[in-house]
Amino acid sequence: MHGRENVAHFFDWLATPFSGLLRILEADFDVFHPENLILRTDLDPHCVEDVPTGVLFHHQFPLYRGHVQPDFLVHYPDFSSKFRHLAARFRQYMADRPVTLVRQEITRDQALRLEDVVAAAFPVADVRFLYLNPDPQEFITPRGRGRALRNDGTLGDPAQWARVLGEEGLIGQPYRHATAEILGADHGSHNLATDNRFTDAQLHAAITHNPHKTAFRLERAQLHMLHGAWSQAEEEARAALTMAPDDPAARYVATLAAWRAGHMAVADAARTMRSLMEGGHAPSGWAAQAAQVMLAADDAPSALRYVRRAVAAAPDQSGLYHQQAEIQYRLRDFGGIVSTLRMAARLAPLPGHYEHMLANGLEAIGALEEALAASERAVASGETFHYHYTQAGLLLALDRPAEALAACQRAVPLAGDLLPALEQRIAQIGALLAPPAESVRLVIWDLDETFWRGTLTEGGAQPVAAHVDLLRTLSQRGIINAVCSKNDEAAARDLLRACGAWDHIVFPRIAFAPKGLLIRDIIESAQLRASTVLFIDDNPMNLNEAVHYNPGLQVADAEYVAQLADDPRMQGKPDPDMTRLAHYRVLEQRQAERRLAGDNLDFLRHSNVRVSLHYDVMAQFPRILDLVNRTNQLNFTKRRWPETAEQARDFAAAELRECFNSHAGYVKVADQYGQYGICGFFLIREGVAHHFLFSCRAMNMGIEQFVWHRLGCPRVDINGAVSGSPEGPDPDWITLTEDADADGAPVTSLASRPVICVRGACDLSMMTHYLRVKYETIEEFPYPYQEWSIHPLARSVALQRELDTPAGRDLLARIPVRVGSAINDRSADVYVLSFSSEVFGTLYRSRSTDLLLPFNSSVIPDQDFGRIGYEDIARRLGHAPDFSAEDWRFMQTEFTCHGPLDLQQLENDVTAMFETLRGRTVIVLMLNTRVGGQSWVLDAFAKINAVVRPLVARYGYLSIDLADFVRTVADLDSPDDVGVHFSRAVYRRLAEQVEALCCSPARQLPVPA
């Protein structure tokens, strides 16, 4: 660019491939959309690539330990805003001033192409081009010229650039040739000392030749300030001020230098700065220093106002954001600190001090996880006491006391006078880590001299009314009661019934036998862990025996009964209807009949076990919270939520929103003995179980294996000790129902479930999750293959037939295309089809077969892969691709680019597809054309609908119009989605609509043979 403004431009700090440069200009800077940004973890450091242009972003997103993080798209709004601003600046420059565009390492043919593109984009621009190449052969173009520039690592040297640009007449003489005459002729308002790096000797010479020019004295004063020579700077500035008493620049430099030198009180300096900054003559370059003066004078609001002016003038200077954050910290504006330092992090990695400040700001606004990440970056940057201390506090707030203790211990050698405060925190964490006794879920009572007075077989026993009331109280808290007594069973049962206690007792073990083994049997029957059970007995020998046979068992003597109701371990959960007691009575009956049946599998097959899956998680949140935080034996993932219901609800909602392709639901269980209620919960993300847990009341029924199969066998990373594994055979004794609490018919026989083929973009996996429960599903979605993406296009279905020739089969063996589909073999009962992927494929014509084939790759962003060399692909990947150079040459020789979406070809292929599916139920999803962030996507979807809709009507197939489901931005996965990803509620309603169409009398599905 002509001119001397020190501002950022669109292409600064971007490594832009030539093809990407053309694409940016041709698109009028409408580039860098979020759906096209990928994280390049194969590069070191990790960075972000814009796939269509090939531009790599190393510094435009926040870094952690030098790498861009997987959540980089969280920062996309700020990233996009910055580049929109820079694009507007580029257009403005091209419109109102002479411009020179400089490009390195470019051929003459490429230069001619670039000039054509720029001329088309900016037809009235006053533009010339300078092309710099290591090749000594120079060339001329209509609007520029290419010249040699040796690239030996010195391109960052301003002297070399000054020489080249000076020889081209773009700037004045380089500084090392400066003379007093040159200085006198061209000083203007530029900061010569900082812009052109004049030496003190050169400025002294200029002053000697031009003693009355105040600009040179001010330049020399600023040069002194750059080196911290405040007194010398003050001397020069005051000399200038003597010559020009009304010159605001002289007053500014003199005031700043005098204050820095300690020759002016900060109050006086602040008063002068305030008058200069508010007087309307202050350049933006003064604002940062003025802010420092105001902060020193305890006028933080003015300091913040001035530094914001500096930031607005130079938004690419990270140091200004640091200064602004310091002022906001003084004002305790923690939200402002977070916003400011996030902006700074997009320009350059934050120093440890500012990562620590960011952590404090995030903690203050409640973003604890982000605060911890910032704290970890601060610790990684250097060892200081405060970094470790802050990290420990955050870990403690996030309920990670063991890690908090380790952070405190690392801070001990750095504590100094702060050691007492650190020791206090260490003691606090130690108390938290002391293992508390678990809440009690089952109380086992001895009878003689414990539950009642006296010994039943030695003169009789007297029931205690308060103890009977205590049984009722515990039952209404969800705590179960059992008895274990060496006594006559019939007599003890009669007395328990007579006093009203029997109705509150399950799993009674009354026999003249060792109590340790009887208690073990009670615990196993109740399917609990010993640590959640309390045994009360007046005999210490019985208590010790019970602990010996049941490690972890909690015990107490008879004296404890008086304080039992107030013990924190005995508070349970409100259960006024005693439903938990009812569930355990059902379990007790099941186990009694199982003992009589002998064969457990035979017993299960005759138990009429029913399971239902439900998705209104928040409607049943209290029970689900209890499951997540209390279950252990069948909690395969053991991820907990906060204990308070409000915090837990927010935490759970955040977990559900965190990943687009995720599903959460709960499980109900019942059998012929009764209803068990909600017994399980799951949250599946991208095929991996984030939560997968079940109540012990459903143990040994095969529920976890059954649900695992219904969810498509997700990966379950088991955390800690559990009873069993979900990855077992699919139980054939369980029936899936609409609601296990009702006595309705089963949803379907698992042995004869209809088959639904869902074909389209990968977002439809969100819909098939809900269908998979009731139907066998065939899922034809995009998948990667040898650095290519295989998309389920209509063209691919037709190719399965078209390539079934000798020449076609030979071609298919050499190219990255896979054409199989359940459409051609008609192996499904129902076909649900979406054609949204048609937008993203590019068609190529085979020279040997004259057929059109689709190709798509995130590694090769250009539509025409014939223009990209194998070495370019390897460089982009950072390693050799999965195909060889010979394979690539074959692809370039065999295919010519036909272009993107071909509507006539689409109509032909969809017609052939529909013809193949005659006699099958076909449901076509008409694409969203109303709501989304990219109009070109919605326009393309409208064109596809215009082709497909008449064909659906012609063949009498069914359709579901997404316009009925996607009405506002709230129906999108995120407000900035282009229009292809929707909320979970939309996919759930789509699945219900598909199911309704399948189950309507006119469309009853056939039962597979």
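Residues numbered from 1 in each chain as written. Predicted model: local features only at pLDDT ≥ 70, side-chain atom pairs only at ≥ 80, totals over all residues. Heavy atoms only, no water.

An unreviewed UniProt entry lists the protein chain under the name FkbH domain protein, with Komagataeibacter saccharivorans given as the organism.

Draft legend 1. Structural detail: the sheet that holds strand 18 (residues 662–671). Spatially, the 5 strands line up as an open sheet ordered 20-19-18-17-21, and their pairing is mixed. Every interior strand has two partners, whereas the edge strands, strand 20 (688–694) and strand 21 (734–736), have only one. Shown here is a sheet whose adjacent strand axes are inclined to one another by a mean of 25°, direction ignored. Both strand 17 (residues 609–614) and strand 18 contribute to a ladder of 5 bridges, which runs antiparallel. Paired with Val611 across the bridge in strand 18 is Val669. Running over the sheet, helix 30 (residues 765–772) touches strand 18 and strand 19 (674–685) and is turned about 5° from strand 18. (Pairing = 2+ DSSP bridges. Helix = DSSP H or I, 4+ residues; strand = E, 2+ residues; numbered from the N terminus. Axes fitted to C-alpha atoms, helices over the stretch in contact; angles between N-to-C directions. Contact = heavy atoms within 4.5 Å.)

Draft legend 2. Structural context of the pattern of salt bridges. Summed over all chains, the structure comprises 37 salt bridges. Across the pair Asp446 and Lys515 runs a salt bridge, and its minimum N-O distance is 2.8 Å. A residue pair is termed long-range when its members are at least 10 positions apart, and Asp446 in the loop between strand 10 (442–445) and strand 11 (452–455) and Lys515 in helix 23 (residues 515–526) qualify at 69 residues. Classification of Lys515 as buried rests on a relative accessible area of 2%. The closest approach of N and O atoms between Arg585 and Glu588, which form a salt bridge, is 3.9 Å. Of this pair, Arg585 and Glu588 both sit in helix 25 (residues 579–597), 3 residues apart, which is roughly one turn of that helix. (Salt bridge = Lys/Arg side-chain N within 4 Å of Asp/Glu carboxyl O. Buried < 20%, exposed > 50% of the residue type's maximum accessible area, 1.4 Å probe, protein only.)

Draft legend 3. Broad picture of the packing of aromatic side chains. In the structure shown here, the tally under the stated rule is 38 aromatic pairs. Pairing Phe32 with Phe83 gives two aromatic rings, centres 5.3 Å apart and planes at 80°, and the pair type is edge-to-face. Remark: Phe83 occurs in helix 2 (residues 76–96) and Phe32 occurs in the loop between helix 1 (18–26) and strand 1 (37–40); sequence separation between them is 51 residues. For the pair Phe32 and Phe83, one class covers both residues: buried. Measuring from centroid to centroid gives 5.8 Å for Phe57 and Phe83, while their planes differ by 65°, and the two rings are edge-to-face. Here Phe57 is found in strand 3 (residues 55–57), whereas its partner Phe83 is found in helix 2, with 26 residues between them in sequence. (Phe/Tyr/Trp six-rings, centres within 6.5 Å; stacked < 30°, edge-to-face > 60°.)

Draft legend 4. Local environment of the sheet that holds strand 3. Read across the open sheet, the 3 strands follow the order 1-2-3; overall the sheet is antiparallel. Every other strand in the sheet has two partners, leaving strand 1 and strand 3 as the edge strands with one partner each. Neighbour-to-neighbour, the strand axes of the sheet open up by a mean angle of 30°, direction not taken into account. In this sheet, strand 2 (residues 47–50) lies alongside strand 1 in antiparallel orientation, the contact comprising 4 bridges.

Draft legend 5. Representation of the environment of Arg605 within the structure. With respect to the helices and strands, the residue Arg605 is situated in helix 26 (residues 600–605). Note on Arg605: relative accessible area 45%, which makes it partly exposed. Separated by 129 residues in the primary sequence, Arg605 and Ile734 have C-alpha atoms spaced 7.8 Å apart. When neighbours within four sequence positions are excluded, Arg605 is seen to be in contact with Asp732 and Trp733.

Draft legend 6. Structural detail: the side chain of Ser846. Here Ser846 is to be found in strand 27 (residues 842–846). A distance of 3.3 Å separates a polar atom in the side chain of Ser846 from a polar atom in the side chain of Ser848. Engagement of the side chain of Ser846 in a polar contact is seen with the side chain of Thr849, the distance being 3.0 Å. (Polar contact = N/O pair within 3.5 Å; in protein donor to acceptor, adjacent residues only side chain to side chain.)

Draft legend 7. Broad picture of a negative patch on the surface. Side chains of Glu449, Asp538, Asp557 and Glu559 sit close together on the surface and give a patch of like negative charge. Secondary-structure assignment places Glu449 in the loop between strand 10 and strand 11. By relative accessible area, which is 42% here, Glu449 ends up partly exposed. (Patch = residues over 30% accessible without salt bridge, like charges linked within 9 Å, V, L, I, M, F, W, Y side chains within 5 Å. Areas by Shrake-Rupley, 256 points an atom, 1.4 Å probe, with all protein chains shown as cover. Lys, Arg positive; Asp, Glu negative; His and termini not counted. Charge placed at Lys NZ, Arg CZ, Asp CG, Glu CD.)

Draft legend 8. How the structure looks around the packing of helix 12 (residues 287–296) against helix 14 (residues 318–330). As a packed pair, helix 12 and helix 14 sit with axes 11 Å apart at the nearest point and diverge in direction by 20°. Between helix 12 and helix 14, the angle falls in the class roughly parallel. Here helix 12 runs over helix 14; the crossing is left-handed. From helix 12, Ala288, Ala291, Gln292 and Leu295 reach across to helix 14, where they touch Leu320, Gln323, Ile327 and Arg330. Among the residues making up the contact of helix 12 with helix 14, the classes are represented as 5 nonpolar, 2 polar and 1 charged. (Parallel < 35°, antiparallel > 145°, perpendicular 65-115°, else oblique. Left-handed = near helix turned anticlockwise from the far one by under 90°. Nonpolar A, V, L, I, M, F, W, Y, C, P; charged D, E, K, R; others polar.)

Draft legend 9. Inspection of helix 13 (residues 300–313) at higher detail. When the terminal C-alpha atoms of helix 13 are compared, their 20 Å separation across 14 residues agrees well with the 20 Å that a helix rising 1.5 Å per residue should span. Buried residues of helix 13: Ala300, Ser302, Ala303, Leu304, Tyr306, Val307, Ala310 and Val311, and no others. Close packing links the buried residues of helix 13 with helix 11 (266–278), helix 12 and helix 14. (Expected span 1.5 Å × (residues − 1).)

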